[in-house]
Amino acid sequence: MDCLFCKIVAGEIPASIVKKNVLYTAFNDITPQAPTHILIIPNHHFSNMAEAAMANPELVGEIFKAAGEIASEIGLESYRMNVNTGAGAGQSVFHAHLHLLGGRTFAWPPG
Ligand code: 5GP
Ligand code: ZN
């Protein structure tokens, strides 16, 4: 399958890896939208996080847990976890991913 994030998981495309285990890979976003902008993705391909959750809710729980652990490890007290699902919501890479953003203030509602 021609998937950018599958290639990052496989090491075929370089990325700045933050944390990796058998379930997920966390790496820095190439176009950061905040001082900290990390993507946490399942190693297995799912088109979006909803599909991943329906197939394997424990896996999605581990991904959110990883985001919390990373935030704690780098000392983020306030941060935003974001999931874009579908092009209309801003999803541009169709391999499930969780955005972890921090290091600045965030507006609500989001744009
Ligand atoms: P989405 O818009 O699908 O929610 O998020 C996809 C994210 O992937 C974007 O924030 C984008 O900057 C990031 N991205 C796209 N291509 C690459 C890449 O080749 N490497 C890395 N590290 N991030 C990427
Ligand atoms: Zn993929």
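Now for a quick tour of the structure. (Residues numbered from 1 in each chain as written. Chains lettered and ligands numbered in written order. Predicted model: local features only at pLDDT ≥ 70, side-chain atom pairs only at ≥ 80, totals over all residues. Heavy atoms only, no water.)

## Comments concerning the coordination of the zinc ion (ligand 2)
For step 1, the next point in the chain: With distances of 2.0 to 2.3 Å, the protein atoms coordinating the zinc ion (ligand 2) are Cys3 (SG), Cys6 (SG), His45 (ND1) and His95 (ND1).
For step 2, the next point in the chain: Taken together, the four donor atoms coordinating the zinc ion (ligand 2) span angles of 105 to 115 degrees at the metal, a pattern that classifies the geometry as tetrahedral.
For step 3, the next point in the chain: Sequence positions of the donors to the zinc ion (ligand 2) reduce to the motif C-x2-C-x38-H-x49-H. In this pair, Cys3 is assigned in the segment before α1 (4–10) and His45 in the loop between β3 (36–42) and α2 (49–55), connecting sequence segments 42 residues apart. (Donors = N, O, S within 2.8 Å, 3.2 Å for Na, K, Ca; no water. Tetrahedral: all angles 85-135°; square planar, octahedral: opposite > 155°, others 65-115°. Helix = DSSP H or I, 4+ residues; strand = E, 2+ residues; numbered from the N terminus.)

## Describing the site of ligand 1
For step 1, the next point in the chain: Neighbouring residues of ligand 1: 17 residues in total, closest Asp29, Asn84, Gly90, Ser92 and His99.
For step 2, the next point in the chain: In the environment of ligand 1, a nitrogen atom lies 3.3 Å from a nitrogen or oxygen atom belonging to the backbone of Ile30.
For step 3, the next point in the chain: Measuring from an oxygen atom of ligand 1, one finds a backbone N or O atom of Ser92 at 2.7 Å.
For step 4, the next point in the chain: Elements with a contribution of two residues or more to the shell around ligand 1: α1, β2 (24–28) and β3.
For step 5, the next point in the chain: The dominant element in the shell around ligand 1, judged by the number of residues it contributes, is α1, at three residues. (Near = heavy atom within 4 Å. Polar contact = N/O pair within 3.5 Å; in protein donor to acceptor, adjacent residues only side chain to side chain.)

## Digging into the environment of Ala53
For step 1, the next point in the chain: Tracing the backbone through its elements, the reader meets Ala53 in helix α2.
For step 2, the next point in the chain: Classification of Ala53 as partly exposed rests on a relative accessible area of 28%.
For step 3, the next point in the chain: Through-space distance from the C-alpha of Ala53 to that of Gly88 is 20 Å; in sequence the pair is 35 residues apart. (Buried < 20%, exposed > 50% of the residue type's maximum accessible area, 1.4 Å probe, protein only.)

## Notes on the nonpolar core
For step 1, the next point in the chain: Counting 18 residues, the largest nonpolar core has Ile38, Ile40, Met49, Ile63, Ile70, Leu98 and Leu100 as the members making the most contacts within it.
For step 2, the next point in the chain: Looking at this core, the elements that each hand over two or more residues are β2, β3, α2, α3 (57–73) and β5 (98–102).
For step 3, the next point in the chain: Looking at this core, the element that brings in the most residues is α3, giving seven residues.
For step 4, the next point in the chain: When neighbours within four sequence positions are excluded, Met49 is seen to be in contact with Val60, Ile63, Phe64, Val83, Ala96, His97 and Leu98.
For step 5, the next point in the chain: Of all hydrophobic cores here, the second largest spans nine residues; its members include Cys3, Phe5, Cys6 and Val9. (Core = buried A, V, L, I, M, F, W, Y, C linked by side-chain atoms within 4.5 Å. Contact = heavy atoms within 4.5 Å.)

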